[in-house]
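Here is what each chain is made of, one letter per residue.
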Amino acid sequence: MPTERTFSIIKPDATRRNLTGRINAKFEEAGLRIVAQKRARISQAQAEAFYGVHRERPFFGGLVSFMTSGPVVLQVLEGEDAIAANRRIMGATDPKKADAGTIRAEFAEDIEANSVHGSDSAENAATEIAFFFRPEEIVG
Ligand code: ATP
Ligand code: MG
């Protein structure tokens, strides 16, 4: 399996409840390495651009205000098959449907405040990493 990099966000519901360390432990226990990480407030313009694919969806406005409601932790995770592996570690978007032991099953509040974002394809991972990190900020 190829070594890949994927982009991750620990969302405001999780930083508010001080869950950064417990979420990072899930990544590390599953074999992913955190090769870049910074805590930040994202702007409305950044949130709208980042989730631009969902612009026409009814939840878009709520999602943008949620993502700008508090600090987030922006991350690059590296490991074998990292993009799919991270999606498995995260669990389903709706925590009611997430498998036991996943981050969303354990920590998410609801389908919107669901604690983590993870890239869903190699192409999006590359775009999302470049959106938030300069190459020299990533230390593999
Ligand atoms: P993410 O892109 O954040 O990793 P995902 O790929 O599992 O999550 P998407 O369908 O891309 O899910 O939705 C992006 C985000 O929009 C979700 O993580 C969630 O925060 C929010 N969202 C998705 N569906 C809904 C919904 N029906 N109601 C409210 N918020 C939603
Ligand atoms: Mg998504």
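The structure this text deals with has already been given above.
On a predicted model such as this, the values are computed, not experimentally measured, just so you know. (Residues numbered from 1 in each chain as written. Chains lettered and ligands numbered in written order. Predicted model: local features only at pLDDT ≥ 70, side-chain atom pairs only at ≥ 80, totals over all residues. Heavy atoms only, no water.)

Asks: Looking at this structure, I do not really get the nonpolar core. What am I missing?
Replies: One broad trend across soluble globular proteins is that nonpolar side chains are buried collectively. Phe7, Met67, Leu74 and Phe133 are the most contacted members of the largest nonpolar core, which totals 21 residues. Put simply, the parts of the chain that give this core at least two residues each are β1 (3-10), β2 (33-40), α3 (44-50), α4 (60-67), β3 (72-80) and α7 (122-132). The element contributing the most residues to this core is α4, with five residues. Not counting residues within four places of it along the chain, the set of residues in contact with Leu74 comprises Phe7, Ser8, Ile9, Ala36, Gln37, Lys38, Ala40, Ile42, Phe132 and Phe133. (Core = buried A, V, L, I, M, F, W, Y, C linked by side-chain atoms within 4.5 Å. Buried < 20%, exposed > 50% of the residue type's maximum accessible area, 1.4 Å probe, protein only. Helix = DSSP H or I, 4+ residues; strand = E, 2+ residues; numbered from the N terminus. Contact = heavy atoms within 4.5 Å.)

Asks: It is not clear to me how the environment of Thr93 should be interpreted in this structure. Could you clarify?
Replies: With respect to the element layout, Thr93 can be found in the loop between α5 (82-90) and α6 (103-107). Residue classification places Thr93 among the partly exposed residues on the basis of a relative accessible area of 43%. Sequence-distant contacts of Thr93, defined by excluding residues within four places in its chain, comprise Arg104, Ile111 and Asn114.

Asks: What exactly am I supposed to notice about α7 here?
Replies: Side chains that are three or four residues apart share a direction in an α-helix, a result of its 3.6 residues per turn. Listed in full, the buried residues belonging to α7 are Ala125, Glu128, Ile129 and Phe132. The buried residues of α7 occupy one face: seen down the axis, they fall within an arc of 100°. Pointing more than 90 degrees away from the buried face of α7 are the exposed residues Glu123, Thr127 and Ala130. Next to the buried residues of α7 lie β1, β2, α3, β3, α5 and β4 (116-118). (Arc of directions from axis to C-beta.)

Asks: Even after reading the chapter, I still don't get the sheet that holds β3, so can you show me in this structure?
Replies: Pairing between sheet strands relies on hydrogen bonds along the backbone, with the strands arranged either parallel or antiparallel. Read across the open sheet, the four strands follow the order β2-β3-β1-β4; overall the sheet is antiparallel. In this open sheet, the two edge strands, each paired with only one partner strand, are β2 and β4. Taking each pair of neighbouring strands and ignoring which way they run, the sheet shows an average axis angle of 20°. Sheet topology places β2 next to β3; seven bridges connect them, and they run antiparallel. Looking at β3, one finds that Arg39 is bridged to Val73. (Pairing = 2+ DSSP bridges. Axes fitted to C-alpha atoms, helices over the stretch in contact; angles between N-to-C directions.)

Asks: What exactly am I supposed to notice about the side chain of Asn86 here?
Replies: With respect to the secondary-structure elements, Asn86 resides in helix α5. Beyond its immediate chain neighbours, meaning those up to four positions away, Asn86 contacts Thr6, Phe7, Ser8, Phe27, Leu32, Leu77, His117 and Gly118.

Asks: I tried to follow the pairing of β3 on my own but got confused; where do I start?
Replies: On any regular strand, side chains alternate: one points to one face of the sheet, the next to the other face. Counting buried positions over the nine residues of β3 gives eight, a clear majority of the element. As paired elements, β1 and β3 share eight bridges and run antiparallel to each other. Bridging from a neighbouring strand, Glu4 pairs with Gly79 of β3.

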